[in-house]
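The primary structure of each chain is shown beneath.
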Amino acid sequence: MYLSRISLTPRTFRKFVQDDYSIHKLVYNLFADAEGSRLLYVDKGGRRGVYTILVLSPNLPKVQDEIDVETKPVAESFLNHRQYAFEVVLNPVRRNGKTRKLEPVEGLLPLLQWFLEKAKANGFAPDEKRLVAKTQSVQTFTAKENTFTQHKVVFSGTLTVTDPDLFAAAFANGIGRGKGFGFGLLQLTPIS
């Protein structure tokens, strides 16, 4: 697996990014050979004149003159730690039992409970005292004549790995829905 950082100057940002869907297209064009379900990215936004996107992929990106991409392999030992600081952008939804439609999870306590369920199913336990859920925005875009609405919630804190195999799969494959549109990438920093 490879971790890449895409850095866009204001000029290249204006050229390539018009909306959330254009970020999706930019990333997938750089990693055209990637299996869709294995390509994860997160939009980190702009700071100090540089717009950043992080990508976890099974393959190296294609080189493009106007886009600065730094890539490093993820060390095999990276997932051998027991505890990590983490951040993950998710699209929390539940299926309505009557209508069968997906509906956003709303409210701080329901969001935290939803995340605790996801964490358990993915082999880790967050420190509940340090768990933060911050609603960022709603992203809506149209692609191939379909309209998509996704609710961005950033979860962060520290976690302890409870099942190394499930945790490794969650890192490699992402968590939740909308992974092809910038959701689900577990951003991890090992804690000694």
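Rules used in this analysis
Residues numbered from 1 in each chain as written. Predicted model: local features only at pLDDT ≥ 70, side-chain atom pairs only at ≥ 80, totals over all residues. Heavy atoms only, no water. Pairing = 2+ DSSP bridges. Helix = DSSP H or I, 4+ residues; strand = E, 2+ residues; numbered from the N terminus. 1 Å grid on protein atoms, 1.4 Å probe; cavity = no way out; pocket = protein on both sides within 12 Å on 5 of 7 lines; lining within 4 Å. Points joined across faces, edges and corners; volume = space filled by probe spheres on them. Nonpolar A, V, L, I, M, F, W, Y, C, P; charged D, E, K, R; others polar. Buried < 20%, exposed > 50% of the residue type's maximum accessible area, 1.4 Å probe, protein only. Polar contact = N/O pair within 3.5 Å; in protein donor to acceptor, adjacent residues only side chain to side chain. Contact = heavy atoms within 4.5 Å. Salt bridge = Lys/Arg side-chain N within 4 Å of Asp/Glu carboxyl O.

Undergrad: Can you tell me about the pairing of strand 1 (residues 2-8), naming the residues and giving the values?
TA: Of the pairings in the sheet, the one linking strand 1 to strand 3 (residues 50-57) comprises 7 bridges and is antiparallel in character. Note on strand 3: the bridge partner recorded for I6 is I53.

Undergrad: Give me the lowdown on the layout of surface pockets, citing residues and values where you can.
TA: The rolling of a water-molecule-sized probe over the atoms marks out the regions of remaining empty space. Estimated volume of the largest pocket: approximately 420 Å³. Along the wall of the largest pocket there are 21 residues; nearest its centre are L3, S4, L54, F78 and L188. Elements with a minimum of two residues in the lining of the largest pocket: strand 1, strand 3, strand 4 (68-73), strand 5 (83-90) and strand 11 (187-190). Top element by residues in the lining of the largest pocket is strand 4. It accounts for 4 residues. Classifying every residue of the lining of the largest pocket by side-chain character gives 13 nonpolar, 4 polar and 4 charged.

Undergrad: So what about the side chain of S57? Which residues, and what values?
TA: Note on placement: S57 falls in strand 3. Residue S57 is classed as buried on the basis of its relative accessible area, which comes to 0%. In terms of polar contacts, S57 uses its side chain to reach the backbone carbonyl oxygen of N59, at 2.6 Å. Leaving out residues up to four positions away in the same chain, S57 has contacts with M1, Y2, F31, R38 and L39.

Undergrad: Any chance you could break down the pattern of salt bridges for me, citing the residues and the numbers?
TA: With the rule as written, the count across this model stands at 6 salt bridges. A salt bridge links E66 to R11; its shortest N-O distance comes to 3.7 Å. Placement of E66 in the loop between strand 3 and strand 4 and of R11 in helix 1 (residues 10-16) is noted, with a sequence separation of 55 residues between them. Take E66: its relative accessible area is 32%, and that puts it in the partly exposed class. One salt bridge in this structure joins E117 and R94, with 3.2 Å as the shortest N-O distance. Taken together, the residues E117 in helix 3 (residues 108-121) and R94 in strand 6 (residues 93-95) connect sequence positions 23 residues apart. Several salt bridges converge on common partners, so that one network encompasses R11, K15 and E66.

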